[in-house]
Every structure is written in structure tokens, then in C-alpha cells.
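Descriptive structure summary
Residues per chain are reported as follows:
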Amino acid sequence: GDSPYSHAVFTEQWVNQFGSSHDDTSFCLAPTMLPLSLTLGAMPWEVARWVMRAINVACLVGTVLVLWRLLLEMRPRSESEGKRIFFLAAALALPAATITLHQGQLALIMGFGVALSWLGLHQNRSWLVILGFYFGSYQPQAAMVPLLFLIALYRHKSTAYGLGVVLALSLLVLLWTTPAQFAIDLQQSLEIHMNQKFNQPYHYDSIAGLLGDTPVGRLAMALGLVLGCGLALWIGHVARATDSPTQKVRLMQIVIALATVTMPLHHYDFTIDMILLATAWVLGSTRRALILCMLVYAHGRSYWIGHIFNGHVLWRLDLLGDPMTAASHAASVMGVAVLAFLTYCWVADRRSTQAMLST
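Conventions used here
Residues numbered from 1 in each chain as written. Predicted model: local features only at pLDDT ≥ 70, side-chain atom pairs only at ≥ 80, totals over all residues. Heavy atoms only, no water. Helix = DSSP H or I, 4+ residues; strand = E, 2+ residues; numbered from the N terminus. Buried < 20%, exposed > 50% of the residue type's maximum accessible area, 1.4 Å probe, protein only. Contact = heavy atoms within 4.5 Å. Areas by Shrake-Rupley, 256 points an atom, 1.4 Å probe, with all protein chains shown as cover. Phe/Tyr/Trp six-rings, centres within 6.5 Å; stacked < 30°, edge-to-face > 60°. Lys NZ or Arg CZ within 6 Å of the ring centre and 35° of its normal.

When you go through the protein residue by residue, the secondary structure sums to 15 helices and zero strands. For the protein, with 359 residues in total, the buried portion stands at 51%. Long-range contacts, defined as pairs at least 24 residues apart, comprise 75% of the intrachain contacts of the protein with a sequence gap of at least 6. In the form shown here, the protein has an accessible surface area of approximately 16,500 Å², with 67% of it arising from carbon and sulfur atoms.

Time to look at the packing of aromatic side chains. Aromatic ring pairs are described here by two measures, namely the spacing of the ring centres and the angle between the planes. In total, this model carries nine aromatic pairs according to the counting rule given. Taking 5.9 Å as the distance between ring centres and 50 degrees as the angle between the ring planes, the aromatic pair formed by Phe10 and Trp14 counts as tilted. Here the residue Phe10 and the residue Trp14 both occupy positions in helix α1 (residues 7-18), the gap between them amounting to four residues, near one helical turn. Aromatic side chains Tyr134 and Tyr138 sit 5.3 Å apart centroid to centroid with 80 degrees between the ring planes, which places their arrangement in the edge-to-face category. For Tyr134, a relative accessible area of 10% translates into the label buried. An aromatic cluster is present here, built from Tyr5, Phe10, Trp14, Phe27 and Phe182 joined pairwise through their rings. Positioned above the aromatic ring of Trp50, the side-chain terminus of Arg53 is 4.6 Å from the ring centre. Between the NZ or CZ atom of Arg84 and the centre of the ring of Trp281, over which it lies, the distance is 5.6 Å.

Pasting the structure below:
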């Protein structure tokens, strides 16, 4: 019966549950979480945490099944079924998925939403799009870029239904507060949230993380949001102009990598990379697909590698600041590497195709 965005109420409930106060903790998740939150909140903690893990496992498996169905319909290449199964299985072992399962994060639900949205828009089935947009809204910072790409690519009226449901569920929070008070509470929660060390721009695993603790860090994070969303819409327009299913999947891969580079994401948000692994075989050669797999796995583990390496070596030499900053640097560099590799593959194949046609 209380708005979770009220910091005082949130802190009070935190103390009631865990017995101690954390003044730097606030609620900044999407209001569309209300159905899930109320369901889990009605359960004892020991039950709720296992239910959450079960939901995440179901979304992990569901994402792979949805992508299997989607790629069977699109058939971008006549690769063997065994190769497709291999890369779908590789997606199940994504490093970020294990982190999400352990911490009880929402990234697997979000990834399932993006996959559902893709299938729904491809089939022009509104109920799938509604479900996809809803689950994707759990972590809009990760889902926004690929969803904008899909909206620009398909341009179905079902996108309006999906956005309408998300907006309606978001407004449910006003049942417990007024619009004016909600705006005040949200601003305070965001300020507290962004002041946490973990949420400083140089601790995000994106381009902003490469700038370190500098005055332009927050500016880079804001520009990344604009750049990521703008490029997603433009790439969606480019994809709409081609009749090749392979090229559309390739461009979706580029957009996924673009999201990890430009948006303010943490290491557990890289579950969105499941789409890269599940579709790796559309790169043509097995060698390319395996290189993409290695880059994606390195991307998922780069945070911990950077954290451990800097904690034992560089931090003692005071070269890169604290271990968390070095870890974000490593993840940012690997994200750029994935994006560069996918872009190279797309450009190289497009040039070779154009040369063949001109001949």
C-alpha cells in the first residue's frame, strides 16, 4: 500500500526485512515490476528467492526456445541443424546468466522479453509483442536499443499495443501516490541511486567506463543513450530496406553489441548477449562463429578478470584506481571488440556481395 519510490518508506521496509539500515539504497526499478513484486512479496523470503531463481531459469530456457523458433522461420542460412543446436546450447552457458541466477537480477527476464518481441513482430502477433515489451521493460536500459531497432524494422501497429500496456502498468504506481509526489520521490531515489559507487559513470561497463573518474563521464553516459537509441532506429531503417533474412539477423547482432557499448549496463546485463551466441552461425563460416563465441564469453568474464588482475597487480601500483574501475575498463574494451568484429563481418560480406552482383 506504499509507493516504493519513497525513500523513507523503502528504508523502513528494508530495516523490517533485513534488520539494518542502508541509507544509500533506493528503489529505482521499473514500475511494471508491480505484479512480480507483489507476488514475491506475498511469500516468505526463503520461498520467494527460489521462486525468483525458477523464473530466471524458465526465462533462460524460454529465450533459447523462442530464438530457435524464430530462426527456423527466418532460415537466414541453410546451415546444419547440429550447428544451430550447438550455438543455442552455447547461449545457455552465457557467463552473465550465471551471475543473474546467483544475484536474482532481472536481466534474464528482460532478454526473454526482447526475444519474444522479435518473434511477435516477425509473426505480427500482438499478444507476443505485448508480453515481450512488458518483460523487456523490466530493464529498459538494456532492452531499449534492440526494441527500437525492431520497431523501426517491422513498424507494426502491435508495437502500439505493447507500448500502451507498458505505460498503463507503469501508471499503476499512482494508485499509491500522487503524480507530483511520485515525481519528487523518483528524483530523490534516482539521486541516491546514482550517488552509489557502483553506479558512477566510470563503473558502468560501457563507453563511459573508459573515461574513468573524469568530468566528462556523465556527459559520455548521456551521449551514449542518445547515440545508442538513434543508431538503433537508423539501423532498423537500413534493415527494412533489405530482403535478406541473413542481413536482418546480422544487423540485429550489431544492435545488441551496440547496446552493450553505449548504454549504462553492468556485467549481469550482458544476458542480452544470448542473442549473439544463438545466432552466431549466421556469420557464415564456423571460424567466424567460434570467434564471436570467444569474444562474447570474454566479454562476460572480462569484468571479473579485470577485477582480479587489477586487485592483485595494477591497483597496488596505483595505475587504474580501484579494482571496480579496472573491471569496467576491461568490459568496455571487450564490448567495443565485439561490436567492431560484427561490423567488420557485415561490411566485408556486403562488399563481396555487391562486387559479385556487379560482375
